Amino acid sequence: MDQIDVNAIWEKVYTLGVEYLPKVALALLTLIIGFWIIGRITNLVKKALDARGMDPSLKSFLASMVSVVLKVMLLISAAGMVGIETTSFAVILGSAGLAVGLALQGSLSNFAGGVLILLFRPFKVGDLIEAQGFLGVVKAINLLVTTIVTPDNKTVILPNAPLSGDSITNYSTLDKLRVDLVVGISYDANIKQAKDIIMETVKKFPGVMQDPAPTVAVSELADSSVNLVVRPFSSVADYWDVYFGVTEAVKVALDDAGIEIPFPQRVIHEAKA
């Protein structure tokens, strides 16, 4: 067996040390300073998102994403300083990103939709919205889905991708909803009297807003009745109480005044032999 040349080994180690030790030291220094700077940048991003009133779930995700992206870039730069070929890193990351993107195509679309919703805020938790054929109060906005509760207390889960790309009706933006009712009175009734009674009843009903003022007007001369539209405004929370309550109160008030609310009638004549 050949005798090991210790001097040659030490010379090789010395040569490698002289060549790579400064690079390793510079890479470590770069990592230390880089991680400190990334921490500062992440905190600045969080403060900026707080100032915008960003949703907590989106704020946390965006800050984490910024931190991860910057750290990956820092590690690749440090590897390049040591002399490691960074092209392979880029290829591996690109291939992994493509594979994950293809596997999670639907989820990524919903994720992108969730980011758009949380950024542009077409609605928020507690709003009454109509979207994708459903009407309900928003209970949660997550990165993939939005949860609403319908008036009949059903929970509906809406994927964010179609939700962010379709029309949305937000009934809570102005916190005022118009309640549309139609009341029919007899052709024999005094229209002005009926309108005055309905207006008085509507104005004093709890939950009805005085500004904008309620409206009572003739809308149609139907086959068996003169139809009046009754349009008070209410808050979103009081909408159904006003809808059902005003309907009942108007009926009682017209009955007390002797004003008939017609109903369809069928007259049958007996045929003579």
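What counts as what
- Residues numbered from 1 in each chain as written.
- Predicted model: local features only at pLDDT ≥ 70, side-chain atom pairs only at ≥ 80, totals over all residues.
- Heavy atoms only, no water.
- Helix = DSSP H or I, 4+ residues; strand = E, 2+ residues; numbered from the N terminus.
- Buried < 20%, exposed > 50% of the residue type's maximum accessible area, 1.4 Å probe, protein only.
- Contact = heavy atoms within 4.5 Å.
- Areas by Shrake-Rupley, 256 points an atom, 1.4 Å probe, with all protein chains shown as cover.
- Pairing = 2+ DSSP bridges.
- Phe/Tyr/Trp six-rings, centres within 6.5 Å; stacked < 30°, edge-to-face > 60°.
- Polar contact = N/O pair within 3.5 Å; in protein donor to acceptor, adjacent residues only side chain to side chain.
- Patch = residues over 30% accessible without salt bridge, like charges linked within 9 Å, V, L, I, M, F, W, Y side chains within 5 Å.
- Salt bridge = Lys/Arg side-chain N within 4 Å of Asp/Glu carboxyl O.
- Expected span 1.5 Å × (residues − 1).
- Axes fitted to C-alpha atoms, helices over the stretch in contact; angles between N-to-C directions.
- Parallel < 35°, antiparallel > 145°, perpendicular 65-115°, else oblique.
- Left-handed = near helix turned anticlockwise from the far one by under 90°.

**Thoughts on the overall build of the protein chain**
- Within the protein chain, the regular secondary structure consists of seven helices and 10 strands.
- For the protein chain, buried positions account for 28% of its 273 residues.
- Long-range contacts, defined as pairs at least 24 residues apart, comprise 63% of the intrachain contacts of the protein chain with a sequence gap of at least 6.
- For the protein chain, the exposed area adds up to about 18,000 Å²; of that, 62% sits on carbon and sulfur atoms.

**Points about the pairing of strand E8 (residues 215-221)**
- Relative to strand E9 (residues 226-231), E8 runs antiparallel, the two being bridged by six bridges. Bridge pairing links Val216 to Val230 in E9.
- Hairpin connection from E8 to E9: four residues lie between these consecutive antiparallel strands.

**Some details on the packing of aromatic side chains**
- According to the stated counting rule, one finds five aromatic pairs in the structure shown.
- With centroids separated by 5.0 Å and ring planes inclined at 85°, the aromatic side chains of Tyr239 and Trp240 adopt a geometry described as edge-to-face.
- Taken together, the ring pairs connect Tyr239, Trp240, Tyr243 and Phe244 into an aromatic cluster.

**Some remarks on the side chain of Thr146**
- Among the secondary structure elements, Thr146 is positioned in strand E3 (residues 145-149).
- A distance of 2.8 Å separates a polar atom in the side chain of Thr146 from a polar atom in the side chain of Asn160.

**Focus: the sheet that holds strand E4 (residues 155-159)**
- A sheet is described by the order of its strands in space; here five strands give the open sequence E4-E3-E2-E1-E5, paired in antiparallel fashion. The open sheet has two free edges, formed respectively by E4 and strand E5 (169-170), since each of these has just one partner strand.
- Direction of pairing for strand E1 (residues 128-131) relative to strand E2 (residues 134-141): antiparallel, over a ladder of four bridges. Pairing of Glu130 across the sheet is with Leu135, part of E2.

**Focus: the pairing of E1**
- In sequence, E1 turns back onto E2 through a hairpin of two residues, with Gln132 there showing a positive phi of about 55°.
- As paired strands, E1 and E5 are joined by two bridges and run antiparallel to one another. By the bridge assignment for E5, Glu130 is matched with Thr169.

**Notes on a nonpolar patch on the surface**
- Judged by side-chain polarity, Leu26, Leu29, Ile32, Ile33, Trp36, Ile37, Ile41 and Met81 come together as a nonpolar surface patch covering roughly 750 Å² of accessible area.
- Sort the elements by how many residues they give to the nonpolar patch and helix H1 (residues 6-51) lands first, with seven residues.
- The topology assignment puts Ile33 in helix H1.

**Quick look at helix H7 (residues 239-256)**
- In a regular helix each residue adds 1.5 Å, so 18 residues correspond to 26 Å; H7 covers 26 Å between its end C-alpha atoms and thus fits that length.
- Residues of H7 that are buried: Tyr239, Val242, Gly245, Val246, Val250, Ala253 and Leu254.
- The elements touched by buried residues of H7 are strand E6 (177-178), strand E7 (181-185), helix H6 (191-203) and strand E10 (233-234).

**Structural notes on the packing of H6 against H7**
- Their axes nearest at 9 Å, the elements H6 and H7 cross at an angle of 135°. When the axis of H6 is compared with that of H7, the two are oblique. Where H6 crosses over H7, the two elements pack in a sense that is right-handed. Contacts between H6 and H7 involve Ala194, Ile197, Ile198, Thr201 and Val202 on the former and, on the latter, Val246, Ala249, Val250, Ala253 and Leu254.

**Focus on the sheet that holds E9**
- Read across the sheet, three strands follow the order E7-E9-E8 without closing on themselves; strand pairing throughout is antiparallel. Of all the strands in the sheet, just E7 and E8 have a single pairing partner and so form its edges. This sheet shows a mean twist of 30° between the axes of neighbouring strands, independent of strand direction.
- Both E7 and E9 contribute to a ladder of five bridges, which runs antiparallel. Across the sheet, residue Val182 finds its bridge partner in E9, namely Val229.

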